[in-house]
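Residue-level listing of the chains:
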Amino acid sequence: KILLSAMDSAESSPKVPLLHADPRQEGIGQAAWQLEDCLRDRLISSYPSNYKARQLHFEVAQADLQYTRALTVMMLLTVFETPPWCDQSNIFDWKSGEERCQVEGVASNHILLSNVSYIPPGWSLLIEAVILFVIARKLLLERMLQVRYFKPINVGYHSLPVIRFGLVMCLWKLADMLVYVIFWPSFRTAFIARTGFLIMLPSVRRLGHCVMSVIGEFVSIAVIYVGTVIFFAWVFVTIFDDMEEVVNGKPVNKGLDSFSRSLNTIFIAGSTDDFVDCLLPSYTSYRSSGILWLVFLVIVHVLLLNLVLDTLVAAYTKYSEEQEEEVLEEKVQGILNVFRTVSRVTGSRFITRQTFMDFCEEFSRSPAVRPIGEETADIMFTTMDADGSDELEQDEFFGICGVIQYDFWAVVTDSPVRQVFPGFWESKGFTYFRNQVYSGNFDTLMNYVLLLNLLLVVSETAYDLNGWEEAKLMEHLELFFSFIYVTEVGLTLCVYSWGQYWSSRSNQFDFMTTWLLLGSSVGYELVDTKGMNVKKYMNILRLLRLLRVVKQLKRLNAVQFMIATITKLIMASQEILILLGVVVFFFSALGMQLWGGTLYATHPALEGTEYEEKDMFVLNFNDFLMSFAVWVVLLLCEYKDEFPSAVAATNSLPGSWIIFLIFYILGVSIIFELVKAFTIEVFVELHKHRNEEVKEFQALEAVENEVKSRGQTLHYRVVGDLTLHQKIIQALEEMEHEIHEALENGDHSHANHANGHESGAHHANGGHGNSH
């Protein structure tokens, strides 16, 4: 703390020399910075006037991109690194998992691993060191920007507590690496630091606030639930504790002979779908006990567990609505601040073409945004400056900022064949073919070809399953269809440019599967496969490509709605799924550290346990992927007593089975239930507007038409939550109309400009609705 305080005072000292840059450059740089933050849902009250702060921000943005890549590598390293309980000798030698991960006196085939190739410990440490450097550099740059430039103006741009937390995690990880290098222990704490780095992600921190906001609602229901379980556990143990009868080879009071066992049994019966196994012995002997079980199951399963979900749905809906309103307000206010900043710099309430081009150039300098090319900026300005005055008013600038909300790009539509072979391009035959491509008839023809290919795949599968010998013609047909698909790609690229072709994700999918299929077909014909059934994988590739036929179903309204719903759910649920992934990541790494190498078939302590009786040895914690599989099972099944019982029987650490209970509360009852609540909330919102016509953003439609007039095609996609994006665009359009009406009613000195804008805007709107 003393060291950080000294650094703070030194960095925030007024002795830091200021860079006397061009005031216009500083102002435009600040405006570009404001728009960049606005697009990232950040509203900052003020920015430092020193342009060096903007330059340092570029370094921070670049470091943040490297930080994201480092986290990705870190997670991959966690998956493929050698588990610490395995042999750590020969740290740079590549060995198989069976060689490294052995238990004395146990056959290697009893130690079930994920069969991935482990990275040797030495190489893992080197990779860890690089990752640690990238993360620490990013945090120190953020701290420098905050302390040196934002702290003197009392603005919190980067959270210093979060930065300090990250630096503490860096030191933690460094200490763990040093201990690992010196002592090579069988247990590491690096997973704590790695989880800490993931928690620092903005999306995880935002959802963390959401979790905290619903904790109060959850606790109130949880208290009632726990009280109900304790009460019925006491009732059952009071009734059955002294009974010694046996039914079907099992005691009548199995799991009910003591209060602790009764508590565990009632918890499992109330929390999972395994309640039948819990009630079967007592109910078989005493049918009247079924009334007691019925009352308990109705209270817990029908009322309390559903009430938990209902409570979380209500709490999450309230939180999301509040956040949505805040984001909308900040978005609109942020864009308004951008225009005011540019106006203050230029001394005019209009933005000239040159100022706008300089603004786009400065905006594109940041590594954190998709750059806006000079041609694209000119297109946007020309489109919104409908009266040709070479000036943008405030409402017109709002329209442009609405377009920038999209991730968009413009590409040349036609193939180079048009310029290189103009005669061939305009020939009668090729013109007919181009029209077939434009109309979609060519795609329809290829769909019929795909159906024929499907028949071939089905017949080959029938031959393989029945052990029949295939005709030589069938083997050559595989190669024939592969060349047809390659020909399709080539003919399509004779009509469309590469940029136009590659802008479609379905085309990207077709292109990759086509060449993979051709390569596998040629390889099957020319290369000795050494007995490998390559054809089976070739058929899988064909089936993947046949998915394009399914897109014909999109013509049905019900299918369109479900596809749109699934797409929006996936896009909107990224943050909540990341939070769930962080939770599962932590418990997977923790399980590998605590219980790796302890669950195997010949372990004497597992004899007679349900884990052993159900032959669940493949669900173990021997490496990260195996541990991950266990927690996914527990996430979907809610709670499986076989795992905590097996761990309690084999592990030397007392009470470690409590981790499963913690996961049930945190991962299953809160986070996973929040995922369900989120899904319900999004679906209800989408279903509410199901029959409403989707309105195209007017400014984007105008830009699209301008790009088309230049022989190009505009491609765009929404980044993030589609529903929230539509509301942001709607808010921007409303503000745009309000500003325009205010300008018309309150400023008569520019009547000609306003009138020209109105007529031009009506043209930009494509003649639909009111002019703006």
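Bear in mind that the values here come from a model prediction, so they are computed numbers and not experimental data. All residue numbers refer to positions counted from 1 along the written sequence of the respective chain. Confidence filtering applies because this is a predicted model: local features only for residues at pLDDT of at least 70, side-chain atom pairs given and counted only at 80 or more, and all residues used for totals across whole chains, interfaces and linings. Here the side-chain values reflect all heavy atoms present in the structure, with hydrogen atoms and water set aside.

1. Quick look at the overall build of the protein chain
We apply this condition: Every helix listed is a DSSP run of H or I at least four residues long, and every strand listed is a run of E at least two residues long, numbered separately from the N terminus. Three exposure classes are used, based on accessible area relative to the maximum for each residue type with a 1.4 Å probe and protein chains only: buried under 20%, partly exposed in between, and exposed over 50%. By the convention used here, residues are in contact when the closest approach between their heavy atoms is within 4.5 Å. Only the protein chains shown count as cover for residues, with accessible areas throughout obtained via the Shrake-Rupley method and a probe of 1.4 Å.
Within the protein chain, the regular secondary structure consists of 31 helices and 6 strands. Looking at the protein chain as a whole, 47% of its 772 residues are labelled buried. Of all intrachain contacts in the protein chain linking residues separated by at least 6 positions in sequence, the fraction that spans at least 24 positions is 77%. Entry remark: accessible area of the protein chain is about 38,600 Å², with carbon and sulfur atoms responsible for 62%.

2. A few points about the state of the cysteines
Chemically, a disulfide is nothing more than a covalent bond linking the sulfur atoms of two cysteines. For clarity, the cut-off: The definition used for a disulfide is geometric: two cysteine sulfur atoms within 2.5 Å.
Summed over all chains, the structure comprises 1 disulfide. Bridging Cys 86 to Cys 101, the disulfide has an S-S length of 2.0 Å. What sets the handedness of the Cys 86 and Cys 101 disulfide is the S-S torsion sign, and at about 100° it is right-handed. Taken together, the residues span a long stretch of sequence, with Cys 86 in the loop between α3 (51–80) and α4 (97–100) and Cys 101 in the loop between α4 and α5 (121–150) at a distance of 15 residues. Assessed through its relative accessible area of 6%, Cys 86 is described here as buried.

3. Quick look at the nonpolar core
Threshold: Among buried residues, the Ala, Val, Leu, Ile, Met, Phe, Trp, Tyr and Cys ones that are joined through side-chain atoms within 4.5 Å form a nonpolar core.
Grouped together as the largest cluster of nonpolar side chains are 107 residues, with contacts concentrated most on Phe 197, Trp 631 and Phe 660. Ranked by the residues each element gives to this core, the list is headed by helix α28 (residues 658–688), at 14 residues. In contact with Trp 631, other than residues within four places in its own chain, are Val 584, Phe 587, Ser 588, Trp 595, Phe 621, Ile 659, Phe 660 and Phe 663. Within the second largest apolar cluster, 38 residues are counted, among which are Ile 28, Leu 336, Tyr 406 and Val 703.

4. Let's talk about the packing of helix α10 (residues 275–285) against helix α11 (residues 289–346)
Note the threshold: Here an axis means a line fitted to C-alpha atoms, over the contact stretch when the element is a helix, while the angle between two N-to-C directions is reported on a 0 to 180 degree scale. Here the word oblique covers every angle except those under 35 degrees (roughly parallel), over 145 (roughly antiparallel) and from 65 to 115 (roughly perpendicular). Take the far helix as the reference: if the near one is turned anticlockwise from it by less than a right angle, the crossing is left-handed, and if turned clockwise, right-handed. The classification used treats Ala, Val, Leu, Ile, Met, Phe, Trp, Tyr, Cys and Pro as nonpolar, Asp, Glu, Lys and Arg as charged, and all other residues, Gly among them, as polar.
The N-to-C vectors of α10 and α11 enclose an angle of 160°; their axes lie 10 Å apart at closest approach. Comparing the axis directions of α10 and α11 gives the class roughly antiparallel. In this structure, α10 crosses over α11, and the sense of that crossing is right-handed. Here Phe 275, Cys 278, Leu 279, Ser 282 and Tyr 283 of α10 lie close against α11, whose contacting residues are Ser 289, Gly 290, Trp 293, Leu 297 and His 301. Its residues placed into classes, the contact of α10 with α11 shows 6 nonpolar, 4 polar and no charged.

5. Some words on helix α14 (residues 394–404)
With respect to burial, α14 is a largely interior element, 11 of its 11 residues being buried. Regarding α14, the residues found buried are Gln 394, Asp 395, Glu 396, Phe 397, Phe 398, Gly 399, Ile 400, Cys 401, Gly 402, Val 403 and Ile 404.

6. A word on the packing of aromatic side chains
This is how it is decided: Here a Phe, Tyr or Trp ring, Trp counted by its six-membered ring, pairs with any other such ring whose centre lies within 6.5 Å, and the pair is stacked when the planes are under 30 degrees apart, edge-to-face when over 60, and tilted otherwise.
Scanning all chains against the criterion turns up 49 aromatic pairs. Relative to Trp 502, the ring of Trp 498 lies with its centre 5.0 Å away and its plane at 20°, an arrangement referred to as stacked. Taken together, the residues span about one helical turn, with Trp 498 and Trp 502 both in helix α20 (residues 498–502) at a distance of 4 residues. A ring pair is formed by Phe 621 and Phe 660, whose centres lie 6.2 Å apart and whose planes are at 70°; its orientation type is edge-to-face.

7. Structural notes on a negative patch on the surface
Put simply, the test is: Patch construction takes residues with relative accessible area above 30% that form no salt bridge. Like charges are linked within 9 Å, and nonpolar side chains (Val, Leu, Ile, Met, Phe, Trp, Tyr) are linked within 5 Å. Only one rule defines a salt bridge in this text: a Lys or Arg side-chain nitrogen within 4 Å of an Asp or Glu carboxyl oxygen. His is not counted, nor are the chain ends, whereas Lys and Arg count as positive and Asp and Glu as negative. A single reference atom marks each charge: NZ on Lys, CZ on Arg, CG on Asp, CD on Glu.
Together, Glu 321, Glu 322, Glu 325, Glu 326 and Glu 329 line one region of the surface with negative charge. Mapped onto the elements of the fold, Glu 321 is located in helix α11.

8. Focus: helix α9 (residues 259–271)
The following threshold applies: Take the number of residues in a helix, subtract one, and multiply by 1.5 Å to get its expected span.
Over its 13 residues, α9 extends 18 Å from the first C-alpha to the last, a length consistent with the 18 Å expected when each residue adds 1.5 Å. Where α9 is concerned, the buried positions are Ser 262, Thr 265, Ile 266, Phe 267, Ile 268, Ala 269, Gly 270 and Ser 271. Buried-residue contacts for α9 involve α8 (202–240), α10, α11 and α28.

9. Overview of the environment of Val 457
Looking at where Val 457 falls in the secondary structure, it is placed in helix α18 (residues 441–466). Placed 17 residues apart in sequence, Val 457 and Met 474 show a C-alpha to C-alpha distance of 9.8 Å.

10. Digging into unusual backbone geometry
One can expect most non-glycine residues to show negative phi and most peptide bonds to be in trans. Even without a glycine there, the phi angle at Asn 90 is positive, about 50°. Mapped onto the elements, Asn 90 comes out in the loop between α3 and α4. Owing to a relative accessible area of 41%, Asn 90 belongs among the partly exposed residues under this scheme. In this model, Glu 638 sits at a positive phi of 75°, which is unusual for a non-glycine residue. Counting through the fold element by element, Glu 638 comes out in the loop between α26 (624–637) and α27 (642–650). A relative accessible area of 25% places Glu 638 in the partly exposed class.

11. Side note on the confidence of the model for the protein chain
Just so we agree on the cut-off: As a per-residue measure, pLDDT tells how confident the predictor is, with possible values from 0 to 100.
Residues of the protein chain with pLDDT of at least 70 account for 83%, and the chain-wide mean is 81. Taken element by element, the protein chain is modelled with least confidence in helix α31 (residues 751–764), mean pLDDT 34, and with most confidence in α5, mean pLDDT 96. Taken as a whole, residues 1–20 scores under 50 in pLDDT and shows 22 contacts with residues more than four places along the chain or in a different chain. Low pLDDT, under 50, characterises residues 747–772; the stretch is placed with 40 contacts to residues that sit more than four places away or in other chains.

12. What about the pattern of salt bridges?
A complete count under the given rule lists 22 salt bridges for this structure. Of the charged contacts in the structure, one is a salt bridge between Glu 36 and Arg 40, with a shortest N-O distance of 3.3 Å. Look at the salt bridges and you will find they share partners, linking Glu 81, Glu 128, Lys 173, Asp 176, Arg 188 and Arg 194 into a network.

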